[in-house]
Number of protein chains: 2
Amino acid sequence: MTPFKLTDELLEDIKALIAEQKNSELQTMMSEFHYADIAEIADELDVEEATYLIKLLDSEKTSDILAEMHEDIREAVLGNLTAKEIASELEELDTDDAADIINELPKEIIQEVISEIEDREHAKHIVDLLRYDEDTAGGLMAKELVKVNENWNVLTCVKEMRAQAENVTRVHSIYVVDDEGRLKGRLSLKDLLTTSTKTNIKDVYIPKVDSVNVNENAEEVAKIMSKYDLEAIPVVDEIGRLVGRITIDDIVDVIREEADKDYQMAAGISREVEADDSVWEITRARLPWLLIGTFGGLGAASIITGFSPLMNDYRILLSFVPLVQATAGNVGVQSSAIMVQGLANDTVKGEVASRLVKEFLIGLTNGGAIASIVLLVSHFIFNTPYLVSFTIGVAIILVIIVAAIIGTFIPVFLDKRGIDPAIATGPFITTSNDIFGILIYFTIAKLILGV
Amino acid sequence: MTPFKLTDELLEDIKALIAEQKNSELQTMMSEFHYADIAEIADELDVEEATYLIKLLDSEKTSDILAEMHEDIREAVLGNLTAKEIASELEELDTDDAADIINELPKEIIQEVISEIEDREHAKHIVDLLRYDEDTAGGLMAKELVKVNENWNVLTCVKEMRAQAENVTRVHSIYVVDDEGRLKGRLSLKDLLTTSTKTNIKDVYIPKVDSVNVNENAEEVAKIMSKYDLEAIPVVDEIGRLVGRITIDDIVDVIREEADKDYQMAAGISREVEADDSVWEITRARLPWLLIGTFGGLGAASIITGFSPLMNDYRILLSFVPLVQATAGNVGVQSSAIMVQGLANDTVKGEVASRLVKEFLIGLTNGGAIASIVLLVSHFIFNTPYLVSFTIGVAIILVIIVAAIIGTFIPVFLDKRGIDPAIATGPFITTSNDIFGILIYFTIAKLILGV
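What counts and how
- Residues numbered from 1 in each chain as written.
- Chains lettered and ligands numbered in written order.
- Predicted model: local features only at pLDDT ≥ 70, side-chain atom pairs only at ≥ 80, totals over all residues.
- Heavy atoms only, no water.
- Pairing = 2+ DSSP bridges.
- Helix = DSSP H or I, 4+ residues; strand = E, 2+ residues; numbered from the N terminus.
- Contact = heavy atoms within 4.5 Å.
- Axes fitted to C-alpha atoms, helices over the stretch in contact; angles between N-to-C directions.
- Core = buried A, V, L, I, M, F, W, Y, C linked by side-chain atoms within 4.5 Å.
- Buried < 20%, exposed > 50% of the residue type's maximum accessible area, 1.4 Å probe, protein only.
- Buried area = accessible area lost by both parts, 1.4 Å probe.
- Salt bridge = Lys/Arg side-chain N within 4 Å of Asp/Glu carboxyl O.
- Polar contact = N/O pair within 3.5 Å; in protein donor to acceptor, adjacent residues only side chain to side chain.
- Nonpolar A, V, L, I, M, F, W, Y, C, P; charged D, E, K, R; others polar.
- Domains from an automatic or database assignment.

Trainee: With reference to specific residues and values, describe the sheet that holds strand 6 (residues 242-247) of chain B.
Mentor: Note: strands within a sheet are paired through backbone hydrogen bonds, in either parallel or antiparallel orientation. All names here are of chain B. Taking strand neighbours across the sheet as the criterion, the 3 strands line up as 4-5-6 in an open arrangement whose pairing is mixed. The sheet terminates laterally at strand 4 (212-213) and strand 6, the two strands that pair on one side only. With 5 bridges joining them, strand 5 (residues 232-236) and strand 6 adopt antiparallel strand pairing. When the bridges of strand 6 are listed, valine 235 appears paired with glycine 244. Helix 15 (residues 218-227) rests against strand 4, strand 5 and strand 6 of the sheet, and its axis sits at about 135 degrees to strand 5.

Right, dumping it as structure tokens:
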């Protein structure tokens, strides 16, 4: 089974087929492809071509294609469909994907689209899901699941299962509920297959089942599913009633998106952007942090001008400003990255005091190594007087220690106040380290060289 | 089902029970906990306490606990067990987890442990898996799977399945192979349940099944499983024979580890470290990049001293060095982060030339905004002569444009040469931007102010 590869050639062929409206050839070709691959193709077509393709293929496939497509082009394609056409796509989708897509539609047509959905049960489920914040378990879950009443026997179970399982793509566990709909436990398909049909469910089901509350945040759900190696987790409401199910494929997407978001935040990009977004969108996402960095730099500039007398006599100190600043910045970023990850993975243990000592030692060790190199280069290559080289070395050690400590404790501080520590990394840390770095550097210089 | 929370109180209780050797109480308590939670507890105990716990509980549970434990403490605990005891743990594990654990053992005892494994079939499987690189499909896969021959009928299938499925924890699909063991297709449990028993497998199995080659790299496998929403994927060798299976829970771990690794690389940490590693380990991981940054800073220092005449007459230029450097660094990091993510997610399309133009425009827009602010502050707050302020502004715009272009194209350049572009971010980019930034700044100053 050779993996699908969207070559320029293939794309050209498809575009040509669409332009020439060779429908049966297109349909034959697309019937060979997985919907995720057709979505990849659609992402590369322009809006008219993509719309043409979606209208050509039948709803059962196109609904999955639409769910996998990149949201920008999906939005554009849906803009070309009538409310009725959109509704028939949603008809075919699992409730979680349907709810996600409806959420992207312009407010004005949501009501109309919902009213066009023929399966009113399905419509009702979608509407229920719309109520939840997208970053919670409720926003991730789907209504499709298989549940049986604890008072039934295995035979009734299997019959019910066959009926319900038609709509459920992945059946891992069959959830057991009581008469009020509260989650009591689960059964595996394996168990059902291997237990005699007259047995009562009450006697065989597993009363222990991990579940999440409908208000739990998405990242926490991802952690739980990852920790317990779950492939699906039932979602319960405040009363304990089974209201939905989250499957691992959605969690994999959550994990990947979280990772991308953290990576971007570390680089000081304040909104989610992609390489192919417009110049305006990218600029808008990048400018805020750059401005913060700019004001930090202006702060550093005023500090330097404030030390003018020192500058006159020891101009060599200024040559090393980039070094001091770069080092403070790098050390700060490293310290905060380690701490942010530690906080995210819950692997940070131990007392604050011992951590302080640890960062001090790390700063001292790294600082010692770097300061030695700088001292040697400064003295032997730049022919700087020994005292000045020594001053630069001492200042660097101190700057590194302070940067390491600041970089470690800002994330901890933010985390304790309920702010996402990932915001701490990037330009915020480098900016504050710039200012502190310059300040410490020149203050040490003033103290030792005495001007 | 209240989620498990390891409170200090609970930990103290457990430590006390271990110290007092209250075995039956410990066993009762642990029987309530999921193995992943006991692993979390074990990570907090010291080596003797953890070893005590592992020896106390029975192998079926402890094997899973060991597999979930943090590798440092697992290594220490295994160091306290005999080869026979280790072998009996491995006996209970799935082959992929067993192989991972064996790989961590000191070379000298691996042979002995393997010889102590009673189930020779199991031992054979583990040895087969040891052959593969851990970053490939072969290194991720397990031998546990359910397969049936295409020539059987449904009745035989179900019988075989019941026999094989005893050892397989998650049965999603039953793989169909030919007489040579080559993968031909798959059957779902749902299909088996709902098809008449006399039907021939040949007539009902799905001949299309996604698979990966045993040498495929782990990140690629993660992408495929994520794209096609798979929960398990069969692994085939060069001849097409079914040799193993990868389940989604292992891929979730791969995705999280990759994300952590990329995040750390972006901060210039060259090895995987955690907040609780020793001072020496952390220093060793952080120093390489800091040294690169140091040499970059020294390069900048020599550039500045080279422009001495300019410094004498326009000392204010030096005050803005941190600003120029910080801005160049931030812009470079942002550009490269976006590009690195785009390359990792395969969302980068379009010609190189149009990307160049785009980065130029982004640099111009951001640069224009920042330069304007700097110009105003420089002129009105620092009372710098208009020409000099203008020079600084122009230099900043140019520095930003160059930093954006460098930041965008270094990852592309590395990627085209097969090097992981994630290495490009962090101190490497900031260092090269420092040098270019300072060079451009002073060169522009020299050109305009003419000294």
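Still to come is the rest of the account.
Trainee: Run through the nonpolar core, naming residues and quoting values.
Mentor: Residues A:Ile246 and B:Ile246 are the most contacted members of the largest nonpolar core, which totals 134 residues. Those residues in contact with A:Ile246 that lie beyond four places of it in its chain are A:Ala137, A:Leu140, A:Met141, A:Val221, A:Met225, A:Glu231, A:Ala232, A:Ile233, A:Val235 and A:Ile251. By size, the runner-up hydrophobic cluster in this structure holds 78 residues, among which are A:Ile400, B:Ile370, B:Ala395 and B:Ile396.

Trainee: Go over the interface of chain A and chain B, please, and point to the residues and values.
Mentor: On the chain B side, the residues contacting the 118 residues of chain A number 118 residues. A combined buried area of about 10500 Å² lies between chain A and chain B, and 59% of that area is made up of carbon and sulfur atoms. Summed over the shared surface of chain A and chain B, the number is 5 salt bridges. Residue B:Asp37 is joined to A:Lys227 by a salt bridge in which the shortest nitrogen-to-oxygen separation is 2.7 Å. At the boundary of chain A and chain B, one finds 20 residue pairs in polar contact (both at pLDDT 80 or more). For the side of chain A that touches chain B, the element with the most residues is helix 17 (residues 279-306) of chain A, which contributes 18 residues. The residue makeup of the side of chain A that touches chain B, split by class, is 61 nonpolar, 28 polar and 29 charged.

Trainee: Tell me about the domain arrangement of chain A, and name the residues and values.
Mentor: Residues and elements named next belong to chain A. Split by domain assignment, chain A resolves into domain 1 (8-140), domain 2 (146-247) and domain 3 (279-449). On a C-alpha basis, the centroid separation for the pair domain 1 and domain 2 is 30 Å. Counting from both sides, the interface comprises 7 residues of domain 1 and, opposite them, 12 residues of domain 2. Of the roughly 670 Å² buried at the junction of domain 1 and domain 2 (both faces included), carbon and sulfur atoms supply 59%.

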